[in-house]
Amino acid sequence: MSSLAAARADNFYYPPEWSPKKGSLNKFNGQHALRERARKIDQGILIIRFEMPYNIWCGGCQSMIAKGVRFNAEKKQVGNYYSTKIWSFTMKSACCKHEIVIQTDPKNCAYVIISGAQKKTEDYDAEDAETLVLPVDEDKTKLVDPFYRLEHQGEDLKKKKEAEPLLVRLQRVSDTRHSDDYAMNKALRAKLRSQKKRVAEEEAAAKKIGLGIRLLPPSAEDAATAASVKFSHKFDRNRRDKRAIIYSGSIFSGSSGSGSSKNSELESKRRKINASAASKLLVGGFKPSSWSEAAVSSKKQRRI
């Protein structure tokens, strides 16, 4: 960036036609020092970046707007609380362009939603959250009364006696765990060394069998799951059928001639019948005697 461009960016560039008698640069250029943020300054409105002070529900689409979300808001004065000004902030939600109006409350040192949204109430039980309940201002003023202070101290002593056994037990556990720092550090380092050694062994075993990932150690649950898996026996059945066809087939080639095609078809059908019988025999469907009788009858028919 040149020096002239830098001067213009910083608004320190004085054109040749400007003179000190014409006032400041903003007056000479006919603009406000805040530029676009002051486009409604004649109405008493200034554009600022407003940060949401707490979680709210949008009045237009019921979406939640979280605490800390920033908006371009129109800031204007709407009143006074004694000598303190009351400011109003008007903005539009990003979810549905719904108008939200929030005002300051100097009396309670808070922000109040006027329209367009609803504050999200987040109540919780101090006992469930395990937090301490601080006394309110009224209780602080009552502590001046000696009778009220005596009753209050009695309740505190009662709570202390009820919680003392638990606190003592927790303190003993903490002392036993952190009394010897050297032993704790030694045990932790030994655990880390054994863990690193086990990981290295698993990685070496995975690399040995050609896997790119580390396998976890086997467990009884994995073994039971693997044993319960049953694979299909289609491969074994096909293998038995093929072997039966080979065993029942002839080792001689078919004769050539005009009726060779018909003879080959008949021969293939006989082979299939014999193959099915052989496969049943291998499986245990019927006894060998029945298979032999079927074979003898088929030979007689062939001779006829």
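Predicted model only: the values in this text are computed from it and were never measured. (Residues numbered from 1 in each chain as written. Predicted model: local features only at pLDDT ≥ 70, side-chain atom pairs only at ≥ 80, totals over all residues. Heavy atoms only, no water.)

### Notes on the pairing of strand β4 (residues 70-81)
For step 1, the next point in the chain: Summarising the sheet, strand β1 (residues 46-51) and β4 pair through 6 bridges and their orientation is antiparallel. Looking at β4, one finds that L46 is bridged to K75.
For step 2, the next point in the chain: Where β4 meets strand β5 (residues 84-92), 7 bridges bridge the pair, whose relative direction is antiparallel. Bridged to Y81 within β5 is T84.
For step 3, the next point in the chain: What sits between the antiparallel neighbours β4 and β5 is a turn of 2 residues, in which Y82 has the positive phi angle 55°. (Pairing = 2+ DSSP bridges. Helix = DSSP H or I, 4+ residues; strand = E, 2+ residues; numbered from the N terminus.)

### Brief notes about the sheet that holds strand β6 (residues 99-105)
For step 1, the next point in the chain: Here 5 strands make up an open sheet; going across it, the order is β1-β4-β5-β6-β7 and the pairing antiparallel. Among the strands making up the open sheet, the edge pair consists of β1 and β7 (110-115). Strand-to-strand twist in this sheet, taken as the mean axis angle between neighbours without regard to direction, amounts to 40°. (Axes fitted to C-alpha atoms, helices over the stretch in contact; angles between N-to-C directions.)

### As for the pattern of salt bridges
For step 1, the next point in the chain: Across all of its chains, the model carries 4 salt bridges by this definition.
For step 2, the next point in the chain: Of the charged contacts in the structure, one is a salt bridge between R198 and E202, with a shortest N-O distance of 3.4 Å. Linking R198 with E202, this pair stays in helix α5 (residues 181-208), spanning 4 residues, or about one helical turn.
For step 3, the next point in the chain: Looking at E202, the relative accessible area reads 11%, which means it is buried. (Salt bridge = Lys/Arg side-chain N within 4 Å of Asp/Glu carboxyl O. Buried < 20%, exposed > 50% of the residue type's maximum accessible area, 1.4 Å probe, protein only.)

### As for a negative patch on the surface
For step 1, the next point in the chain: Together, D145, E151, E155 and D156 line one region of the surface with negative charge.
For step 2, the next point in the chain: With respect to the element layout, D156 can be found in helix α4 (residues 146-178).
For step 3, the next point in the chain: When its relative accessible area of 37% is taken as the criterion, D156 is described as partly exposed. (Patch = residues over 30% accessible without salt bridge, like charges linked within 9 Å, V, L, I, M, F, W, Y side chains within 5 Å. Areas by Shrake-Rupley, 256 points an atom, 1.4 Å probe, with all protein chains shown as cover. Lys, Arg positive; Asp, Glu negative; His and termini not counted. Charge placed at Lys NZ, Arg CZ, Asp CG, Glu CD.)

### Section: the nonpolar core
For step 1, the next point in the chain: Residues M52, I56, I65, M91, I100 and I102 are the most contacted members of the largest nonpolar core, which totals 15 residues.
For step 2, the next point in the chain: Put simply, the parts of the chain that give this core at least two residues each are β1, β2 (56-58), β4, β5 and β6.
For step 3, the next point in the chain: Beyond its immediate stretch of four places on either side in the chain, I102 contacts F50, M52, W87, S88, F89, M91, Y111, V112, I113 and I114. (Core = buried A, V, L, I, M, F, W, Y, C linked by side-chain atoms within 4.5 Å. Contact = heavy atoms within 4.5 Å.)

### Concerning the sheet that holds strand β3 (residues 64-65)
For step 1, the next point in the chain: Read from one edge of the open sheet, 3 strands run β3-β2-β8, paired in antiparallel fashion. Edge positions in the sheet fall to β3 and β8 (117-119), since each has one partner strand and no second.
For step 2, the next point in the chain: Bridge count for β2 against β3 is 2 bridges, and the pairing is antiparallel. Of the residues in β3, the one forming a bridge with W57 is M64.

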